[in-house]
Amino acid sequence: MRRVGRVERVTKESKVVVEIDLDGTGTTDISTGVPFYDHMLDALGKHGAFDLTVRAEGDVHIDVHHVVEDVAIVLGQALRQALGDKKGIRRFGDAMIPMDETLAQAVVDVSGRPYTVHTGEPEMMRGFVVGGHYPTVLNRHVFESLAFHGHLALHVRVLDGRDPHHITEAEFKAVARALRAAVEPDARLTGIPSTKGTL
């Protein structure tokens, strides 16, 4: 049985549809109106081996913030839907990803308890805009929204880096790989991987 989630969210600021297949091959179809964000979501799908479709439109002429945030919200919701009762998954995942001078780490627990720790980005990331349209200050917001709505405990750390593009991309790839490991079926488990019996 395929683990697929599909969620649609419509507000006055945006319209978002996300579909994710956790047992895919990394096939992606992404369109948010924010080109660099499309690139990051494409990396998330490919390196997570998730089939991922994202369709979003909104008031990017005002600011990309609303669309970026809303896509992260819906992606988290679709991920949680696809996970279902979480029986037989590994639950924990971690990854360290280099990209030239950059090294980023992500660690995830599909715990049912949303929490985010995001550290290590250089100070200049707060004011940098990639491609003239994606403010890297949004990185933390993306990971917080994904974790909150996906019910994940997510830690993302930048250990080294100076190029905002490389830093952001390494973070997204690390999250993808950590998620891939966490949601994979564990052949040794049949139940829910928790002493409480629920996640």
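Per chain, the residues get numbers from 1 upward, laid out in the order the sequence is written. Under the rules for a predicted model, residues below a pLDDT of 70 receive no local features and side-chain atom pairs below 80 are neither given nor counted, while totals for whole chains, interfaces and linings still include all residues. For side-chain calculations, the full set of non-hydrogen atoms in the structure is used, while hydrogens and water are omitted.

Q: How do you make sense of the overall build of the protein when you look at a structure like this?
A: Secondary structure elements are taken from DSSP: a helix is a run of H or I of four residues or more, a strand is a run of E of two residues or more, and numbering for both begins at the N terminus. Helices and strands together make up the secondary structure of the protein, namely four helices and ten strands. Starting at the N terminus and ending at the C terminus, the protein contains elements arranged as β-β-β-α-β-α-β-β-β-β-β-α-β-α. Relative to the 2.2 N^0.38 estimate, which gives 16 Å for 199 residues, the radius of gyration of the protein is 16 Å and therefore close to what a compact globule would have. With the C-alpha coordinates of the protein rotated into their principal frame, the extents come out at 50 × 40 × 30 Å. Residue burial in the protein is summarised as follows: out of 199 residues, 51% are buried. We call two residues in contact whenever any of their non-hydrogen atoms come within 4.5 Å of each other. For the protein, the proportion of contacts with a sequence separation of at least 24, taken over those separated by at least 6, is 75%. Of the side-chain charges in the protein, 23 are positive and 28 negative, and the distance between the mean point of each set is 8 Å. The globule rule used for comparison is 2.2 Å times the number of residues to the exponent 0.38, while the radius of gyration itself is calculated over C-alpha atoms. Throughout this description, buried means an accessible area under 20% of the type-specific maximum (1.4 Å probe, protein chains only), exposed means over 50%, and partly exposed covers the range between. His is not counted, nor are the chain ends; Lys and Arg add positive charge and Asp and Glu add negative charge. To locate a charge, take NZ of a lysine, CZ of an arginine, CG of an aspartate or CD of a glutamate.

Q: What am I meant to see in the pattern of salt bridges here?
A: Where charged atoms from two side chains of opposite charge approach closely, those side chains can pair. Salt bridges are defined by distance alone: a side-chain nitrogen of Lys or Arg within 4 Å of a carboxyl oxygen of Asp or Glu. The full count for this structure, using the stated rule, is twelve salt bridges. One salt bridge connects Asp 21 with Arg 2, and the closest N-O pair in it is separated by 3.0 Å. Taken as a pair, Asp 21 in strand E2 (residues 14–21) and Arg 2 in the segment before strand E1 (4–10) lie far apart in primary sequence, 19 residues in all. Here Asp 21 falls in the buried class, since its relative accessible area comes to 11%.

Q: Help me out: how do you make sense of the side chain of His 166 in this one?
A: You can see His 166 is positioned in helix H4 (residues 164–183). Classification of His 166 as buried rests on a relative accessible area of 16%. Beyond its immediate sequence surroundings of up to four residues, His 166 is in contact with Met 99, Asp 100, Glu 101 and Thr 102.

Q: Help me understand the packing of aromatic side chains, please; the structure alone is not making it clear to me.
A: In this description, an aromatic ring pair is defined by two values, namely the gap between the centres and the angle between the planes. Stacked, edge-to-face and tilted labels apply to pairs of Phe, Tyr and Trp rings (six-membered ring for Trp) whose centres lie within 6.5 Å, assigned for plane angles under 30 degrees, over 60, and everything in between, in that order. Taken as a whole, this structure holds three aromatic pairs when the rule is applied. Centre to centre, the rings of Phe 143 and Phe 172 are 5.2 Å apart; their planes meet at 50 degrees, and the pair counts as tilted. Placement of Phe 143 in helix H3 (residues 138–150) and of Phe 172 in helix H4 is noted, with a sequence separation of 29 residues between them. Taken together, Phe 36, Tyr 37 and Tyr 134 form an aromatic cluster joined through their ring pairs.

Q: Would you mind showing me how to read the sheet that holds strand E10 (residues 153–160) here?
A: Sheet strands pair via backbone hydrogen bonds, and the direction of the pair is either parallel or antiparallel. A pair of strands counts as paired when DSSP detects no fewer than two bridges linking them. Pairing in this open sheet of four strands is mixed, and the strands run E5-E6-E10-E7 from one edge to the other. The open sheet has two edge strands, strand E5 (92–99) and strand E7 (115–119), and neither has a second partner. Across the sheet, the mean angle separating the axes of adjacent strands is 10 degrees when strand polarity is ignored. The strands touched by H4 are E5, strand E6 (102–109), E7 and E10; relative to E5, the strand with the most contacts, the crossing angle is about 150 degrees. Lines fitted to the C-alpha atoms define the axes, with helices restricted to the stretch that makes contact. Angles between their N-to-C directions range from 0 to 180 degrees.

Q: When you look at helix H2 (residues 65–83) in this model, what are you seeing that I'm missing?
A: Given 3.6 residues per helical turn, the α-helix brings residues three or four places apart onto the same face. Between the first and last C-alpha of H2 there are 27 Å, a value that for 19 residues agrees with the 27 Å anticipated at 1.5 Å per step. Within two residues after H2, Gly 84 carries a phi angle of roughly 60 degrees, on the positive side. Multiplying 1.5 Å by the helix residue count minus one yields the expected span of that helix.

Q: Mind showing me how you'd approach the sheet that holds E1 here?
A: With mixed pairing, four strands are arranged side by side in an open sheet as E1-E2-E4-E3. The outermost strands of the open sheet, each flanked by one partner alone, are E1 and strand E3 (28–31). For this sheet, the mean inter-axis angle between neighbouring strands, taken without regard to orientation, is 5 degrees. Bridge count for E3 against strand E4 (residues 51–58) is four bridges, and the pairing is parallel.

Q: Teacher, can you tell me more about H4 here?
A: The first and last C-alpha atoms of H4 sit 29 Å apart over 20 residues, in line with the 28 Å expected at 1.5 Å per residue. Where burial is concerned, most of H4 is hidden: 16 out of the 20 residues are buried. Measuring from the side-chain oxygen of the N-cap residue of H4 to the backbone nitrogen of His 165 gives 2.8 Å; that N-cap residue is Asp 163. Between N or O atoms, a polar contact is any pair within 3.5 Å; within protein, one atom must be a potential hydrogen donor and the other a potential acceptor, and residues adjacent in sequence are included only when both atoms are from side chains.

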